[in-house]
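# Secondary and tertiary structure notes
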Amino acid sequence: MTDTTASAPRRPGEQALAALGLNAPALDPADASPHTFPGGGRWRTEVPSVEGPEALAVVLKEASRLDVPIHRISQGSGVWMLTDAEITEMVEATAERDIELCLFTGPRGTWDIGGSTRTDSRGAGLRARGHDAVAGCVEDAVRATELGVKCLLVADEGVLWTLHRAREAGILPADTTFKVSALIGPVNPTAYAVYENLGGDSINVPSDLTLDHLTEIRRVSGAPMDMYIEAPDDLGGYVRMYEVAELIRRGAPIYLKFGLSKAPGIYPYGHHMRDLTLSTAKERVRRGRLALDLLARHGADGDMAPLGSRLPGELKRFCHPA
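Report follows, based on the coordinates. (Residues numbered from 1 in each chain as written. Predicted model: local features only at pLDDT ≥ 70, side-chain atom pairs only at ≥ 80, totals over all residues. Heavy atoms only, no water.)

The subject of this paragraph is the overall build of the protein. Looking only at helices and strands, the protein has nine helices and eight strands in total. Computed over the C-alpha atoms, the radius of gyration of the protein is 19 Å, within 12% of the 20 Å expected from 2.2 N^0.38 for a compact globule of 322 residues. In terms of its C-alpha atoms, the protein occupies a principal-axis envelope of roughly 65 × 45 × 45 Å. Considering only contacts within the protein whose residues lie at least 6 apart along the sequence, 75% involve residues at least 24 apart. On the protein, roughly 14200 Å² of surface is accessible, and the fraction owed to carbon and sulfur atoms is 55%. Charged side chains in the protein number 35 positive and 43 negative. The centres of these two groups are separated by 3 Å. (Helix = DSSP H or I, 4+ residues; strand = E, 2+ residues; numbered from the N terminus. Rg over C-alpha atoms; globule rule 2.2 N^0.38 Å. Contact = heavy atoms within 4.5 Å. Areas by Shrake-Rupley, 256 points an atom, 1.4 Å probe, with all protein chains shown as cover. Lys, Arg positive; Asp, Glu negative; His and termini not counted. Charge placed at Lys NZ, Arg CZ, Asp CG, Glu CD.)

Okay, the side chain of Asp 31 next. Along the chain, Asp 31 turns up in the loop between helix H1 (14-19) and strand E1 (43-47). We classify Asp 31 as buried; its relative accessible area is 15%. Those residues in contact with Asp 31, other than ones at most four positions away along the chain, are Thr 215, Arg 219, Arg 249 and Arg 250. (Buried < 20%, exposed > 50% of the residue type's maximum accessible area, 1.4 Å probe, protein only.)

Enumeration over the complete set of coordinates arrives at 23 salt bridges. For Arg 72, the salt bridge is made with Asp 226, and the minimal N-O distance between the two is 3.3 Å. Linking Arg 72 in strand E2 (residues 72-74) with Asp 226 in strand E7 (residues 225-230), this pair joins segments that are 154 residues apart in sequence. Judged by its relative accessible area of 2%, Arg 72 falls in the buried class. (Salt bridge = Lys/Arg side-chain N within 4 Å of Asp/Glu carboxyl O.)

With that settled, the discussion passes to the packing of helix H4 (residues 130-146) against helix H5 (residues 157-168). Between H4 and H5, whose axes approach to 10 Å, the crossing angle comes to 45 degrees. The angle between H4 and H5 falls in the class oblique. Our pair here, H4 against H5, has a crossing hand that is right-handed. On H5, the residues that touch Val 134, Cys 137, Val 138 and Ala 141 of H4 are Val 159, Thr 162 and Leu 163. Within the contact of H4 with H5, the residues separate by chemical class into six nonpolar, one polar and no charged. (Axes fitted to C-alpha atoms, helices over the stretch in contact; angles between N-to-C directions. Parallel < 35°, antiparallel > 145°, perpendicular 65-115°, else oblique. Left-handed = near helix turned anticlockwise from the far one by under 90°. Nonpolar A, V, L, I, M, F, W, Y, C, P; charged D, E, K, R; others polar.)

Taking strand neighbours around the barrel as the criterion, the eight strands line up as E1-E2-E3-E4-E5-E6-E7-E8 in a closed arrangement whose pairing is parallel. Ignoring which end each strand starts from, the neighbouring axes of this sheet average 30 degrees apart. In the sheet, E1 pairs with E2 via two bridges, with the strands oriented parallel. Bridged to Glu 46 within E2 is Arg 72. Its contacts with the sheet place helix H9 (residues 274-297) against E1, E7 and strand E8 (254-258), and it is angled at close to 130 degrees to E8. (Pairing = 2+ DSSP bridges.)

This next bit is on the side chain of Asp 156. Mapped onto the fold, Asp 156 is located in the loop between strand E4 (151-154) and H5. Of note is the side chain of Asp 156, whose polar atom sits 3.0 Å from the backbone nitrogen of Ala 128. Separated by 2.8 Å, the side chain of Asp 156 and the backbone nitrogen of Gly 158 make a polar contact. Once residues within four sequence positions are removed from consideration, Asp 156 is found in contact with Arg 127, Ala 128 and Ile 184. (Polar contact = N/O pair within 3.5 Å; in protein donor to acceptor, adjacent residues only side chain to side chain.)

With that settled, consider the packing of aromatic side chains. This model, assessed by the stated rule, comprises two aromatic pairs. For the pair Phe 37 and Tyr 255, a centre-to-centre distance of 5.5 Å together with 80 degrees between the ring planes defines the contact as edge-to-face. A residue pair is termed long-range when its members are at least 10 positions apart, and Phe 37 in the loop between H1 and E1 and Tyr 255 in strand E8 qualify at 218 residues. For Phe 37, a relative accessible area of 1% gives the class buried. A relative accessible area of 2% means that Tyr 255 is categorised as buried. Pairing Trp 161 with Phe 318 gives two aromatic rings, centres 6.4 Å apart and planes at 70 degrees, and the pair type is edge-to-face. Placement of the pair is Trp 161 in helix H5 and Phe 318 in the segment after H9, with a sequence separation of 157 residues. Over the face of the ring belonging to Tyr 255 we find Arg 72, whose NZ or CZ atom lies 3.8 Å from the ring centre. (Phe/Tyr/Trp six-rings, centres within 6.5 Å; stacked < 30°, edge-to-face > 60°. Lys NZ or Arg CZ within 6 Å of the ring centre and 35° of its normal.)

In terms of nonpolar packing, the biggest core is built from 68 residues, with Val 59, Ile 70, Ile 73, Val 149, Val 205, Leu 256 and Leu 295 touching the most fellow members. With residues up to four places along the chain from it excluded, the contact list for Ile 70 reads Thr 45, Val 47, Val 59, Ala 63, Ile 99 and Leu 307. Grouped together as the second largest cluster of nonpolar side chains are six residues, Cys 102, Leu 126, Leu 153 and Ala 155 included. (Core = buried A, V, L, I, M, F, W, Y, C linked by side-chain atoms within 4.5 Å.)

Here the focus is helix H7 (residues 211-218). Listed in full, the buried residues belonging to H7 are Leu 211, Leu 214, Thr 215, Ile 217 and Arg 218. Along the long axis of H7, the arc covered by the buried residues comes to 160 degrees, so they all point the same way. Buried residues along H7 sit in contact with helix H6 (189-198), E7 and helix H8 (244-251). (Arc of directions from axis to C-beta.)

A cis amide bond links Ala 252 with the next residue in sequence, Pro 253, at an omega value of 0 degrees. With respect to the helices and strands, the residue Pro 253 is situated in the loop between H8 and E8. A cis amide bond links Tyr 267 with the next residue in sequence, Pro 268, at an omega value of -10 degrees. Mapping Pro 268 onto the fold places it in the loop between E8 and H9. Positive phi outside glycine occurs at Asp 67, with the angle close to 55 degrees.

Here it is as structure tokens:
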């Protein structure tokens, strides 16, 4: 999973600023991530918040119209918010196009009766409260994989470790992958490595991490990283479009996640939010096109991983008692 030949792309405004004597400091080759996805490529794409078959159809149609390549489509409301027929329809539509479908697992603390998540500290956040909540996440995982889902979103360390053990034990298929949610994303290299060792196959870091933070992470872990290029408002609303080439250089292998700021939250989704969900799904694809165009203008669009690739490569894991 290493590639030491990563080259720096053209930087925004580089030629014009140089002509004015306003050159930026030279990039340090030591800052570049040495890692790639298995099978080649330094970046993949993800469209999040695709909450059901109807939103998925909108995303696929718009991606075809705008020629936006998609490696992964993810959903945030949870497996339990979809019927078997809806999940099957989404599995079949994404499989037909060789796109990975990732569904969120189970109960979460922010929807639980516990009061601490309503305090200023937000308490334990989305984490599963008690044995029953963990069991609900496991139930969702088993149901989803039996219906053909190959990627699961997780927002609790204990759930992640439990699902990883279930995968090793054959309770879940061996090629199931686990994506760590942005809502519990690690903010230092040690925490990132812990999520990898607990079974995470791609890890969503907060979008406010600096470029130096990404370099620090890449010095201890090669596990795929997910990052909102534009974050939803409840995750800060950050728009880092002009940094996308440098995010790839520092953070590879990385999923470029096309979120949307200035849009109301839609979890848990229901048909009462249909118009908003469909319109924002369509706009997320357009945001992806804008990011890809920017990469092309800067000469940094040549290292995309092959479409249809989804596995993370060889990762480090904690040992556990038999």
